[in-house]
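Chain and residue survey
If you want the building blocks of each chain, they are given just below.
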Amino acid sequence: GLYRWALRLSNIGVEGLSFDFASGNYRGHFTEPGFNAIELSRVANSWVRDIRINNADYGVNIVRCSFITVTN
């Protein structure tokens, strides 16, 4: 079947940030208390670069996107 995919944003950049989440015993995937740094959803022609992420379950999550670059 066909799926209509409407992009909402384009040319979005996230860069030069640090994310430090509390450390502790790992409880398992999807059981952490919200330790997710960046999510891109329905964007195109965008980038994530020069990001430092510590103790996250999801560092960078990309959902329904196209032409995304993630570096450093």
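Our structure's up above, just so we're on the same page.
Report follows, based on the coordinates.

Rules used throughout
Residues numbered from 1 in each chain as written. Predicted model: local features only at pLDDT ≥ 70, side-chain atom pairs only at ≥ 80, totals over all residues. Heavy atoms only, no water. Helix = DSSP H or I, 4+ residues; strand = E, 2+ residues; numbered from the N terminus. Rg over C-alpha atoms; globule rule 2.2 N^0.38 Å. Buried < 20%, exposed > 50% of the residue type's maximum accessible area, 1.4 Å probe, protein only. Contact = heavy atoms within 4.5 Å. Areas by Shrake-Rupley, 256 points an atom, 1.4 Å probe, with all protein chains shown as cover. 1 Å grid on protein atoms, 1.4 Å probe; cavity = no way out; pocket = protein on both sides within 12 Å on 5 of 7 lines; lining within 4 Å. Points joined across faces, edges and corners; volume = space filled by probe spheres on them. Core = buried A, V, L, I, M, F, W, Y, C linked by side-chain atoms within 4.5 Å.

A word on the overall build of the protein
Looking only at helices and strands, the protein features 0 helices and 8 strands. Listing each helix as α and each strand as β along the protein from the N terminus yields β-β-β-β-β-β-β-β. Here the protein has a C-alpha radius of gyration of 14 Å; the compact-globule value for 72 residues is 11 Å, and the former is much larger. With the C-alpha coordinates aligned to their principal axes, the bounding extent of the protein is approximately 45 × 30 × 15 Å. Split into buried and exposed, the 72 residues of the protein put 24% on the buried side. Counting only contacts in the protein whose residues sit at least 6 apart along the sequence, the fraction spanning at least 24 positions is 54%. Summed over its atoms, the accessible surface of the protein is roughly 5300 Å², and 49% of this surface lies on carbon and sulfur atoms.

Describing unusual backbone geometry
Peptide bonds are trans in most cases, and residues, glycine excluded, mostly fall at negative phi. Although it is not a glycine, asparagine 11 sits at a positive phi angle of roughly 60 degrees. Positionally, asparagine 11 belongs in the loop between strand E1 (9–10) and strand E2 (13–15). With phi around 50 degrees, asparagine 45 is a residue other than glycine that occupies positive phi space. With respect to the helices, strands and loops of the structure, asparagine 45 is situated in strand E5 (residues 43–49).

A word on the layout of surface pockets
Reported here for the largest pocket is a volume of approximately 250 Å³. Contributing to the lining of the largest pocket are 13 residues, with Ala22, Gly24, Asn25, Tyr26 and Phe35 lying nearest its centre.

Here's the deal with the environment of threonine 71
Tracing the sequence through the fold places threonine 71 in strand E8 (residues 66–71). Exposure remark for threonine 71: the relative accessible area of 37% places this residue in the partly exposed category. Taking the C-alpha atoms as reference points, threonine 71 and valine 48, separated by 23 residues in sequence, lie 6.5 Å from one another.

Structural notes on the nonpolar core
Within the largest apolar cluster, 10 residues are counted, these being Val14, Phe19, Phe21, Ala37, Ile38, Leu40, Val43, Val48, Ile51 and Cys65. Counting only elements with at least two residues in this core, the list comes to strand E4 (36–41) and E5. The leading source of residues in this core is E4, at 3 residues. Those residues in contact with leucine 40, other than ones at most four positions away along the chain, are Val48, Asn61, Ile62, Val63, Cys65 and Ile68.

Everything listed here is a matter of geometry and, on its own, says nothing about what the molecule does.
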